[in-house]
Amino acid sequence: MKETWSFLDTFEPNFRPLVVIELAKGTKKETIEWFTKRIVDKKADGGAQLLIKPLVTENGDENIYLVGASHLRLLLGAETVGLVKECNDNSMRSFTYSSRKTFKDFADDNHNFLTMSECQYIVKHELENLRARDEKMIPGYPQAKLYPGKSIVRRLLTNGILLQIFPLHDREELKKLRHTWYGRVKIGYQPLDEIRSYFGETIALYFGFLEYFTFALIPMAIIGIPYYVFAWEDYDKYVMFATFNLLWSTVILEVWKRICAVMTYRWGTLLMKRQFEEPRPGFHGALGVNPVTGREEPVYSSIKRQLRIYLVSVPFVCLCLYFSLYVMMIYFDLEQWALDYHEEDKSTFSSLMLYVPSIIYAVVIEIMNRIYRYAAEFLTSWENHRLESSYQNHLVLKVLVFNFLNCFASLFYIAFVLFDMKLLRQSLATLLITSQILNQFAESLLPYWLQKRHVKKMKKHIHSPKTDMDLSLVEQINLEKEMCTYFGTFDDYLELFLQFGYVSLFSCVYPLAAVFAVLNNVTEIYSDALKMCRVYKRPFAEPTANIGVWQLAFETMSVISVVTNCILIGMSPQVNALFPDSKMDLVLTVALVEVALGISFKQCISNTLSINHMERRIKQIKE
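These numbers come from a predicted model, not from an experiment.

**A short note on empty space enclosed by the protein**
In this approach the atoms are scanned with a rolling probe the size of a water molecule, which exposes any empty space left behind. Enumeration according to the criterion identifies three cavities of 30 Å³ or more in this entry. Computed from the structure, the largest cavity encloses a volume of approximately 90 Å³. Lining of the largest cavity is provided by 14 residues; of these, L83, E118, R196, E201 and P543 occupy positions nearest its centre. For the lining of the largest cavity, the element with the most residues is helix α3 (residues 116-128), which contributes three residues.

**Looking at the packing of helix α5 (residues 171-181) against helix α6 (residues 192-199)**
Packed helix pairs are specified by the crossing angle of their axes together with the interaxial distance, meaning the distance between the axes. Contact pair α5 / α6: the axes reach a minimum separation of 11 Å and the direction vectors enclose 150°. Considered as vectors, α5 and α6 are oriented roughly antiparallel to each other. The handedness of the crossing between α5 and α6 is left-handed. Here α5 contributes E173, L174, L177 and W181 to the contact with α6, which in turn contributes E194, I195, Y198 and F199.

**Observations concerning the UniProt feature "transmembrane region" (unreviewed entry) in the protein**
UniProt marks residues 203-232, 238-256, 309-332, 352-372, 395-416, 428-450, 496-519 and 549-572 with the feature "transmembrane region" (unreviewed entry), using the numbering shown here. Secondary structure across residues 395-416 comprises 100% helix and 0% strand; the distance between its end C-alpha atoms is 30 Å. With 75% helix and 0% strand, residues 496-519 has its two end C-alpha atoms placed 13 Å apart.

**Points about the environment of Y486**
Looking at the element boundaries, Y486 is found in the loop between α14 (468-480) and α15 (490-506). Within the structure, Y486 has its side chain in polar contact with the backbone oxygen of G488 (distance 3.2 Å).

**Re the nonpolar core**
Among the nonpolar cores identified, the biggest contains 99 residues, and W181 and W550 are the most heavily contacted of them. A per-element tally of this core places helix α7 (residues 201-231) first, with 14 residues. In this structure, W34, L76, F113 and L156 belong to the second largest nonpolar core, which totals 48 residues.

**Side note on the pattern of salt bridges**
Within this structure, the stated rule accounts for 25 salt bridges. Put simply, R16 and D170 hold a salt bridge, and the shortest N to O gap is 3.8 Å. A residue pair is termed long-range when its members are at least 10 positions apart, and R16 in the segment before β1 (19-23) and D170 in the loop between β8 (162-167) and α5 qualify at 154 residues. Relative accessible area serves as the criterion here: at 36%, R16 is assigned to the partly exposed category. Note that K43 and E126 form a salt bridge whose closest N and O atoms lie 3.0 Å from each other. With K43 in the loop between α1 (29-40) and β2 (51-54) and E126 in helix α3, the pair connects residues that are 83 residues apart, well separated along the chain.

**Considerations on the packing of aromatic side chains**
Considering all chains together, one arrives at 37 aromatic pairs under this definition. Centroid distance Y212 to W256: 5.6 Å. Interplanar angle 35°. Geometry classified as tilted. Pair noted here: Y212 is in helix α7 and W256 is in helix α8 (residues 239-267), with a separation of 44 residues, a long-range link. The class for Y212 is buried, based on a relative accessible area of 15%. Look at W256 and you get buried, because its relative accessible area is 1%. Seen from their ring centres, Y331 and F332 are 5.0 Å apart, and the 45° between their planes marks the pair as tilted. Judged by its relative accessible area of 3%, Y331 is buried. Here the basic side chain of K28 rests over the ring of Y141, its NZ or CZ set 5.2 Å away from the ring centre. Here the guanidinium or amino end of R538 rests over the ring plane of Y198, the centre of that ring lying 3.7 Å away.

**Some remarks on helix α12 (residues 388-418)**
With 31 residues, α12 should reach 45 Å at 1.5 Å per residue; the first-to-last C-alpha distance of 43 Å fits that figure. Along α12, the largest kink reaches about 50° and is centred on F408. Positioned one or two residues after α12, F419 has a phi angle of 55°, which is positive.

**Side note on the side chain of H385**
The topology assignment puts H385 in the loop between α11 (356-382) and α12. Of the residues examined, H385 reaches a relative accessible area of 1% and is grouped as buried. A polar contact is formed between the side chain of H385 and the side chain of E383, at a distance of 2.6 Å. A distance of 3.2 Å separates a polar atom in the side chain of H385 from a polar atom in the side chain of S390. Once residues within four sequence positions are removed from consideration, H385 is found in contact with R280, F283, R305, I309, T380, S390, Y391 and H394.

**Examining unusual backbone geometry**
For Q49, which is not glycine, the phi torsion reads 55° and is therefore positive. Positive phi, close to 70°, is recorded for N90, a residue that is not glycine. Inspection of the secondary structure assignment puts N90 in the loop between β4 (84-86) and β5 (92-94).

**Quick look at a nonpolar patch on the surface**
Taken together, the side chains of I303, L307, L311, V312, F378 and W382 present a nonpolar region at the surface, about 620 Å² in accessible area. Where the nonpolar patch is concerned, the elements lending two or more residues are α9 (302-345) and α11. Residue contributions to the nonpolar patch peak at four residues, all from α9. With respect to the helices and strands, the residue F378 is situated in helix α11. For F378, a relative accessible area of 60% corresponds to the exposed category.

**A look at the packing of α8 against α15**
Their axes nearest at 8 Å, the elements α8 and α15 cross at an angle of 145°. Between α8 and α15, the residues in contact are N245, W248, S249, I252 and L253 and F500, V503 and S504, respectively. Across the contact of α8 with α15, the residue classes tally to five nonpolar, three polar and no charged.

**Quick word on the sheet that holds β1**
Ordered by their spatial adjacency, four strands build an open sheet running β2-β3-β1-β8, and the pairing between neighbours is antiparallel. Sheet topology places β2 and β8 at the edges, where each strand pairs with a single neighbour. For this sheet, the mean inter-axis angle between neighbouring strands, taken without regard to orientation, is 20°. Docked against the sheet, α1 engages β1, β2 and β3 (64-68), running at close to 160° with respect to β1.

**Some points on the side chain of T250**
By the secondary structure assignment, T250 is in helix α8. Side-chain polar atoms of T250 contact the backbone oxygen of L246, separated by 3.0 Å.

**Examining the confidence of the model for the protein**
For the protein, the mean per-residue pLDDT works out to 82, and 81% of the residues sit at or above 70. For residues 608-623, every residue scores under 50 in pLDDT, and the model assigns this stretch five contacts once sequence neighbours within four places are set aside.

Calculation rules
Residues numbered from 1 in each chain as written. Predicted model: local features only at pLDDT ≥ 70, side-chain atom pairs only at ≥ 80, totals over all residues. Heavy atoms only, no water. 1 Å grid on protein atoms, 1.4 Å probe; cavity = no way out; pocket = protein on both sides within 12 Å on 5 of 7 lines; lining within 4 Å. Points joined across faces, edges and corners; volume = space filled by probe spheres on them. Helix = DSSP H or I, 4+ residues; strand = E, 2+ residues; numbered from the N terminus. Axes fitted to C-alpha atoms, helices over the stretch in contact; angles between N-to-C directions. Parallel < 35°, antiparallel > 145°, perpendicular 65-115°, else oblique. Left-handed = near helix turned anticlockwise from the far one by under 90°. Contact = heavy atoms within 4.5 Å. UniProt positions renumbered as here; feature names shortened; annotations may be inferred. Polar contact = N/O pair within 3.5 Å; in protein donor to acceptor, adjacent residues only side chain to side chain. Core = buried A, V, L, I, M, F, W, Y, C linked by side-chain atoms within 4.5 Å. Buried < 20%, exposed > 50% of the residue type's maximum accessible area, 1.4 Å probe, protein only. Salt bridge = Lys/Arg side-chain N within 4 Å of Asp/Glu carboxyl O. Phe/Tyr/Trp six-rings, centres within 6.5 Å; stacked < 30°, edge-to-face > 60°. Lys NZ or Arg CZ within 6 Å of the ring centre and 35° of its normal. Expected span 1.5 Å × (residues − 1). Bend = angle between axes of the 7 residues up to and from the residue. Patch = residues over 30% accessible without salt bridge, like charges linked within 9 Å, V, L, I, M, F, W, Y side chains within 5 Å. Areas by Shrake-Rupley, 256 points an atom, 1.4 Å probe, with all protein chains shown as cover. Nonpolar A, V, L, I, M, F, W, Y, C, P; charged D, E, K, R; others polar. Pairing = 2+ DSSP bridges. pLDDT = per-residue confidence, 0-100.

The structure is reproduced here in structure tokens:
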């Protein structure tokens, strides 16, 4: 007989806090009582059927609450969200409570069957699905309107009543993870399964991609070092390196697809059904009826949204692109000034001055990228997209278009307008190295230093008459609630995307680009691991089957790099010598090679991976 929610009891003798809820100070008592009641009420009564306890502090404030759930409640929640787990026959299936005995490592007394991150994901899902029934407003706040089906948590967040919800760290598990992840300097793979178990699939896939991309850069780096040493001043010899670069950028992304699928299948997210996507918290509009769900919710005209996009956002992005090109031309004026100064002076100082314009331009690029990011976020929010996926796609498109032009336009101009390979090498080296240094400082070192200062300050002010265990919990929560919030992997993937562009587009004229990229990524792995464990709040786990829209972004860059390297090969004296009479034949030949290589190599890699997969499956069947 199928179990139902009605038999669950909210009593749990060993309460385990999973999620922290912080309400605004001075929140009205009737609001707190209504909200906490809805959290503990049975599902049949419209509640979440979870456990909640206030965090008692020295000053008596009760604006922080700890949320947990009974073991049985979490198992039924795992079925609701569609978690995929491994069965005793080594197959992967969606977990169901009725067939729980068929799943590997399941036992009624095994509370570790679900990882802590999975438990926190279930609690978050249930909290976000607390919906208004017959309430017209949040009790105590007439301005916070409600309607049937509206998410209560999202309304509390948008009205500033609920300040934040975040998952609590497991100090013992975090200590083990830190030791195996970055606690000691070693050469080896990251503990991706442990990262996934603690932070979820989205974070684990980012670190998996970072690790894979770093290893994929090693062949480029190995070839680049002798190439740089023996032929770096002879720019006519870049043809072989450009050819290898062209093949490399095509192959590595096809291999990653296979590696990603293998990992996500093992983790159970490749087969996980997508949940129905709810409207994003910032979405607003007149109250109407959703034709799909039949629920009342805000509706907004798609025509109005399209007008905002094409009449405001697109012109603004074009204006920013024009400003980026204008700054680029100022950079070339500075380059000419530095060159003229060097020609007149011919000193060591004047030689160093040749690098100053590139360094200034690299810093300006980083500043412009960060300012534009805030403007792009504001514009995308103003466009009022209903779904989070639509919001993210429009934001990524805006940011990538600007960042691509801002970072690479000068390199294209130098290569294909000025035909100055020496300046191209200098500019590429300066832009790559400067951007890596600035990103390491802004994303890791600065937040870590600020967090250490904050932790010292907080420890001086935290006092409690409770036992050591209570003191540790109170201190932990007070420290974690003041930590920076991790807003996702967007900036991390963007940094890798730009690095991939620097290496794949023009590294044939500066073969050490891959070497610096490898060195940066090794330190990036440790610094990102440090900030995930020590600087930011623990993020909620988000199941995912791939790296999303970033796969398309990297593939697009790969196509552009194929075109760029083919043109560079076509520009070389060696290839030009083969077509002394007709440049049109040269152009057609280069274009034909681009298309043939793009199709043949992707097909070859795809077939190879399919054959390897079939061989492994046959071996498994035989065993």
